[in-house]
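Given next are the chains, with one letter for each unit.
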Amino acid sequence: MSITTGNQLYFPQVPAIVYEGPGSDNPFAFRWYDASRVVAGKPMREHLRFACAYWHSFCGSGADPFGAPTHLFAWNNKPDALDRARDKMDAAFEFITKLGLPYYCFHDVDLIDFTDDIADNEKRLQAITTYALEKQKSSGVKLLWGTANLFSHIRYMNGAATNPDFKVVAHAGAQVKAALDATMALGGENYVFWGGREGYMSLLNTNMKREQEHMARFLHLAKDYARQQGFTGNFFIEPKPCEPTKHQYDYDAATVIGFLREYDLLADFKLNIEVNHATLAGHTFQHELQVAADQGMLGSMDANRGDYQNGWDTDQFPNNIHELTEAMLIILEAGGFAGGGINFDAKIRRNSTDPEDLFHAHIGAMDSFARALLCADAILQQSEYRSLRAQRYASFDTGEGQQFEQGKLSLTDLRRLAETYGEPPLTSGRQEYFENIINRFI
Ligand code: XLS
Ligand code: NI
Ligand code: NI
């Protein structure tokens with residue numbers, strides 16, 4: 001493989017994107033995302049910790065099951081794999097720095113094409129990692145998380161860590177080891193496991209208990225290896241109920257937390273919650289965030305949105321300020337992410353074929369989150385939202401309610417008290433009023 005360093009610009013027509021305020025009509029400016037503006041005690045950039053997803057933005061081709069690629073990138077033209085990978089990285093860092101994104105995230109195979117040769121793949125990854133390190137140093141961009149793609153190669157069709165054939169499990173191990181090495185070499189702050197094929201298509205041919213034990217064993221091996229190498233970051237599990245597998249073991253936040261607890265992994269792992277995965281699981285995104293936050297497990301977020309008219313992972317860019325405001329309320333009340341940030345796991349549409357479309361997508365998404373952050377902060381600071389919710393539980397703050405919370409009452413006590421209270425009055429949940437509070441600040 002040859003070594004060339006390109007100076008070519010891939011988005012020469014797009015300037016660096018700066019904050020111009022809500023009144024601006026410049027399509028290449030932020031209206032709400034003002035990185036250094038202090039909100040709730042820290043700058044926006046530290047609340048939001050935005051990351052570019054290498055796979056969607058620089059590896060996605062626009063192809064779908066019915067049609068050929070439509071995103072024909074200038075960085076994909078060279079015959080040599082390392083040359084191609086460097087071109088792609090030049091384009092990625094040009095894009096990331098023009099947007100002022102502080103972070104990026106990748107799968108191993110996003111950085112450089114793999115073959116079936118383990119040693120060669122390791123060499124490839126090391127070569128492009130060296131290049132990435134230079135890019136990070138000269139730009140100040142950091143790695144939010146790395147991961148291994150354990151779902152695209154044909155060997156993983158029956159799963160990776162949960163594959164019924166140990167030989168495939170070993171290959172998954174080799175790949176995760178190299179991806180961890182790359183993540184650590186780049187100072188990656190976290191490492192993600194998304195188990196797209198860790199699950200089953202049919203229970204008839206599946207020993208579910210054994211597969212889940214293998215998954216836990218595998219996670220322990222990965223964690224132990226990284227810790228031995230001095231990695232101090234978080235491991236994240238990204239829940240998803242299905243797709244591509246019919247039933248995925250990491251179904252949702254509650255399921256994953258139970259799994260981590262059962263297999264003694266809670267201390268090292270947290271969750272990476274993805275919007276569209278939450279909706280596929282039959283939850284709202286807010287529900288998944290709250291479940292994670294309540295357990296101190298809110299690690300990071302994959303930001304995108306689904307489509308209310310269909311049932312798959314469409315990975316569209318986020319733009320719903322109302323839903324994002326409700327999400328930011330939970331994140332602010334939780335004190336922010338534990339180690340992670342907001343990774344745009346989203347892709348432009350197949351028919352979005354202008355190079356500028358990738359910028360418009362990210363500008364809109366970053367502005368939507370910034371605006372949601374401002375709205376959520378205003379709701380918490382200026383409205384009765386928090387105190388109204390607290391008041392609903394006031395009967396537990398003193399007296400017998402408090403004794404109940406403290407474990408000082410028996411079931412017989414409850415019966416005795418019920419009789420003395422008589423029938424309680426109906427107390428409104430005031431949902432519509434709560435909804436109005438949110439809208440008042442948008
Ligand atoms: C797919 C997942 C994937 C993970 C990383 O649905 O969101 O992109 O984020 O493997
Ligand atoms: Ni994701
Ligand atoms: Ni996804």
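Refer to the structure above for everything that follows.
Residues numbered from 1 in each chain as written. Chains lettered and ligands numbered in written order. Predicted model: local features only at pLDDT ≥ 70, side-chain atom pairs only at ≥ 80, totals over all residues. Heavy atoms only, no water.

**Student:** Explain the environment of Gln406 residue by residue, including any values.
**Tutor:** Along the polypeptide, Gln406 turns up in the loop between helix 14 (399–405) and helix 15 (411–421). By relative accessible area, Gln406 is classed as partly exposed at 44%. Spatially, the C-alpha atom of Gln406 lies 9.8 Å from that of Phe396, the residues being 10 residues apart in sequence. (Helix = DSSP H or I, 4+ residues; strand = E, 2+ residues; numbered from the N terminus. Buried < 20%, exposed > 50% of the residue type's maximum accessible area, 1.4 Å probe, protein only.)

**Student:** Got a sec to walk through unusual backbone geometry? Specific residues and values, please.
**Tutor:** Cis geometry is found at the peptide bond from Glu243 to Pro244, where omega equals 10°. By the secondary structure assignment, Pro244 is in the loop between strand 10 (234–237) and strand 11 (247–248). Look at Glu243: it is not a glycine, yet its phi comes out positive at around 75°. By the element assignment, Glu243 lies in the loop between strand 10 and strand 11. Even without a glycine there, the phi angle at Arg430 is positive, about 55°. Structurally, Arg430 is set in the loop between helix 15 and helix 16 (431–440).

**Student:** Tell me what's going on with the site of ligand 1, and back it up with residues and numbers.
**Tutor:** As a matter of local geometry, ligand 1 sits amid Trp55, His107, Phe151, Trp194, Glu238, Lys240, Glu274, His277, Asp302, Asp313 and Asp345. One of the side-chain nitrogen or oxygen atoms of His107 is found 2.7 Å away from an oxygen atom of ligand 1. Contact distances for ligand 1 include 2.9 Å between an oxygen atom and a side-chain N or O atom of Lys240. If ligand 1 stood free it would expose 300 Å²; the protein chains cover 93% of that surface. For the shell around ligand 1, the residue count by class is 3 nonpolar, 2 polar and 6 charged. (Near = heavy atom within 4 Å. Polar contact = N/O pair within 3.5 Å; in protein donor to acceptor, adjacent residues only side chain to side chain. Areas by Shrake-Rupley, 256 points an atom, 1.4 Å probe, with all protein chains shown as cover. Nonpolar A, V, L, I, M, F, W, Y, C, P; charged D, E, K, R; others polar.)

**Student:** Before we move on, can you summarise the coordination of the nickel ion (ligand 3) with the specific residues and values?
**Tutor:** For a metal with four tetrahedral donors the ideal donor-metal-donor angle is 109.5 degrees, while six octahedral donors give ideal angles of 90 or 180 degrees. Coordination sphere of the nickel ion (ligand 3), protein contribution only: Glu274 (OE), His277 (NE2) and Asp313 (OD), at 2.1 to 2.6 Å. Look at where the donors of the nickel ion (ligand 3) fall in the sequence and you get E-x2-H-x35-D. On the basis of relative accessibility, which here comes to 2%, the residue Glu274 falls in the buried class. What makes His277 buried here is its relative accessible area of 4%. (Donors = N, O, S within 2.8 Å, 3.2 Å for Na, K, Ca; no water.)

**Student:** Give a description of the pairing of strand 5 (residues 50–53) that names residues and reports values.
**Tutor:** Residues Phe50 and Cys52 line one face of strand 5 and the alternating positions Ala51 and Ala53 line the opposite face, and both faces are buried. Of the strand pairs in this sheet, strand 5 and strand 14 (residues 342–344) are connected by 3 bridges, and their pairing is parallel. Each residue of the ladder has a partner; that of Cys52, found in strand 14, is Phe344. Pairing of strand 5 with strand 6 (residues 103–107), which is carried by 3 bridges, proceeds in the parallel orientation. (Pairing = 2+ DSSP bridges.)

**Student:** A description of the packing of helix 10 (residues 285–294) against helix 11 (residues 321–333) should follow, citing residues and the corresponding values.
**Tutor:** Working note: a packed helix pair is described by the angle between its axes plus the distance between those axes. At their nearest, the axes of helix 10 and helix 11 sit 9 Å apart, and the two run at 5° to each other. One finds that helix 10 runs roughly parallel with respect to helix 11. Of helix 11, the residues touching helix 10 (which contributes Phe285, Gln286, Leu289, Gln290 and Ala293) are Glu323, Glu326, Ala327, Ile330 and Ile331. Residues of the contact of helix 10 with helix 11, tallied by class, amount to 6 nonpolar, 2 polar and 2 charged. (Axes fitted to C-alpha atoms, helices over the stretch in contact; angles between N-to-C directions. Parallel < 35°, antiparallel > 145°, perpendicular 65-115°, else oblique. Contact = heavy atoms within 4.5 Å.)

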